[in-house]
Amino acid sequence: MFYRDGILFRSDLLTGSRIRHGFSTREGGVSVFPHTRSMNLGHGLGDSQEIVYQNADIFAKTLSDGIYGAESVVITSQIHSAKVRFLSAANCGEGTVLPVGESCDGFVTDCPGVMPIVRTADCTPILLAGSTGDGRPVIGAVHAGWKGSAAGIAAVAVGYMTELGAELSTIRVAVGAHIEVCCYEVGADMVEQVAATAGADFAGKFCTPRGKNGAGEEKFTADLTGMNCFHLQYCGISPEQIDISSECTMCHPDLYHSHRATGGKRGTMGAGIVIMPEM
Ligand SMILES: [Zn+2]
């Protein structure tokens, strides 16, 4: 279950001895523009580099009990792909104190102190944690808009985690707040692209007709939660291993940054996860 913890949301499914994680809201940062206020983790949206750095530092420290700051974070340009990168300690600070690294939409790592953060404002933020047979933690973070959700980027991350030794039965997944079926209206062109990516049955299952718009064009609603859960379950993650936020970002624009609710003039939230040092 998701629960509020100060300026963050967390999932009790991911709360474990050496894992710290959090989903940011609009609260607790230092951005002052009306559209980025106050916790914005996105560059190029109006805030200076320094403001975004300070927000990343606050967010990182809040989710890691003050242990890790912005220099531990890895942020990169997201490209609506199904590309996932392995991270090592050498990647720490990319996008905060170092130039961004390779573009991608997901990260996995088994290195303590490396904090991947994915950024969303209606797209689906997904955090993952599991462990190896000898109890070593393995984590992941994924950004999934409709392209990544249809392409199964969450399942790609699970595959990479198992390559690092994580046992499938130990993997837990938290799907953060994103735009839900109530608000996520799309056109026939998108449905066709979903079908081209994941098949007509998949598109039919997760894109539901909802009449026509003023121009007489067919409208649909898209179910990002369903798309991601389908791929996760197909690769062996059971429903009990998945926790899903019940809130829609577009329905709550005061609490969440929402691209659709603002016509694109908005800040960006973060979802971060880190392995704490061995005690
Ligand atoms: Zn909604």
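If you're wondering where the values come from, they're calculated on a predicted model, not measured in any experiment.

## Some words on the packing of aromatic side chains
Part 1: Scanning all chains against the criterion turns up seven aromatic pairs.
Part 2: Here the aromatic residues F202, F206, F230 and Y234 are joined through ring pairs into a cluster of three or more.

## Notes on helix α1 (residues 49–63)
Part 1: A rise of 1.5 Å per residue sets the reference length of α1, with its 15 residues, at 21 Å; its end C-alpha atoms lie 21 Å apart and thus fit the reference within 8%.
Part 2: The set of residues buried in α1 consists of V52, N55, A56, D57, F59, A60 and L63.
Part 3: Buried positions along α1 lie against β2 (8–11), β3 (19–24), β4 (73–74), β7 (115–120) and β15 (269–275).
Part 4: Looking one or two residues past α1, D65 carries a phi angle of roughly 55 degrees, positive in sign.

## Let's talk about empty space enclosed by the protein
Part 1: Under the criterion given, the structure shown has one cavity of 30 Å³ or more.
Part 2: Empty space within the largest cavity amounts to approximately 90 Å³.
Part 3: Along the wall of the largest cavity there are 15 residues; nearest its centre are F23, S24, P125, A177 and M269.
Part 4: Elements that contribute at least two residues to the lining of the largest cavity include exactly β3, β7 and β15.
Part 5: Looking at side-chain class alone, the lining of the largest cavity contains nine nonpolar, five polar and one charged residues.

## Observations concerning the coordination of the zinc ion
Part 1: Around the zinc ion, the donor atoms from the protein are C182 (SG), C183 (SG), C248 (SG) and C251 (SG), and they sit 2.3 Å away.
Part 2: Seen from the zinc ion, its four donor atoms lie at angles of 105 to 117 degrees, and the figure they make is tetrahedral.
Part 3: Read from N- to C-terminus, the donor residues coordinating the zinc ion fall into the pattern C-C-x64-C-x2-C. Linking C182 in the loop between β10 (172–175) and β11 (185–187) with C248 in the loop between β14 (242–244) and α7 (259–262), this pair joins segments that are 66 residues apart in sequence.
Part 4: Of the residues examined, C182 reaches a relative accessible area of 45% and is grouped as partly exposed.
Part 5: Under the relative-accessibility criterion, C248 is labelled buried at 4%.

## Focus: the side chain of S81
Part 1: Its location among the elements puts S81 in the loop between β4 and β5 (84–86).
Part 2: Separated by 2.7 Å, the side chains of S81 and D105 make a polar contact.
Part 3: In this view, S81 contacts C104, D105, G148 and I153; residues no more than four positions away in its chain are not counted.

## Let's talk about the sheet that holds β2
Part 1: Taken together, the six strands give an open sheet; going across it, the order is β1-β2-β3-β15-β7-β4, and neighbouring strands pair in mixed fashion. Two strands close off the open sheet at either side, each with one partner strand: β1 (2–5) and β4.
Part 2: Relative to β2, β1 runs antiparallel, the two sharing four bridges. Each bridged residue has a counterpart across the sheet, and for R4 the counterpart in β2 is F9.
Part 3: α1 contacts β2, β3, β4, β7 and β15 of the sheet and is inclined by roughly 135 degrees relative to β3.

## Brief notes about the pairing of β2
Part 1: Taking every second residue as pointing to the same face, both faces of β2 are buried, with L8 and R10 on one and F9 and S11 on the other.
Part 2: Linkage of β1 to β2, two consecutive antiparallel strands, is achieved through a turn of two residues, within which G6 is found at a positive phi near 65 degrees.
Part 3: When β2 meets β3, the two strands line up antiparallel, connected through two bridges. Bridged to L8 within β3 is S24.

## Brief notes about the side chain of S31
Part 1: Looking at the secondary structure, you find S31 in the loop between β3 and α1.
Part 2: Within polar-contact distance, the side chain of S31 engages the side chain of N55 at 2.9 Å.
Part 3: Excluding residues that lie within four positions of it along the chain, S31 makes contacts with T36, R37, S38, N40, D47, I51 and N55.

## A look at the nonpolar core
Part 1: One finds F23, L127 and I273 to be the most contacted residues of the largest nonpolar core, which totals 24 residues.
Part 2: Of all elements in the fold, only β3, β8 (124–131), β9 (137–144) and β15 reach the threshold of two or more residues within this core.
Part 3: Not counting the four nearest positions on each side in its chain, F23 is found in contact with F2, I7, L8, F9, F59, P125, L127, A174, G176, G270 and A271.
Part 4: In terms of nonpolar packing, the next biggest core, distinct from the first, is built from 20 residues, V84, V142, A154 and M161 among them.

Quick notes on the rules
Residues numbered from 1 in each chain as written. Predicted model: local features only at pLDDT ≥ 70, side-chain atom pairs only at ≥ 80, totals over all residues. Heavy atoms only, no water. Phe/Tyr/Trp six-rings, centres within 6.5 Å; stacked < 30°, edge-to-face > 60°. Helix = DSSP H or I, 4+ residues; strand = E, 2+ residues; numbered from the N terminus. Expected span 1.5 Å × (residues − 1). Buried < 20%, exposed > 50% of the residue type's maximum accessible area, 1.4 Å probe, protein only. Contact = heavy atoms within 4.5 Å. 1 Å grid on protein atoms, 1.4 Å probe; cavity = no way out; pocket = protein on both sides within 12 Å on 5 of 7 lines; lining within 4 Å. Points joined across faces, edges and corners; volume = space filled by probe spheres on them. Nonpolar A, V, L, I, M, F, W, Y, C, P; charged D, E, K, R; others polar. Donors = N, O, S within 2.8 Å, 3.2 Å for Na, K, Ca; no water. Tetrahedral: all angles 85-135°; square planar, octahedral: opposite > 155°, others 65-115°. Polar contact = N/O pair within 3.5 Å; in protein donor to acceptor, adjacent residues only side chain to side chain. Pairing = 2+ DSSP bridges. Axes fitted to C-alpha atoms, helices over the stretch in contact; angles between N-to-C directions. Core = buried A, V, L, I, M, F, W, Y, C linked by side-chain atoms within 4.5 Å.

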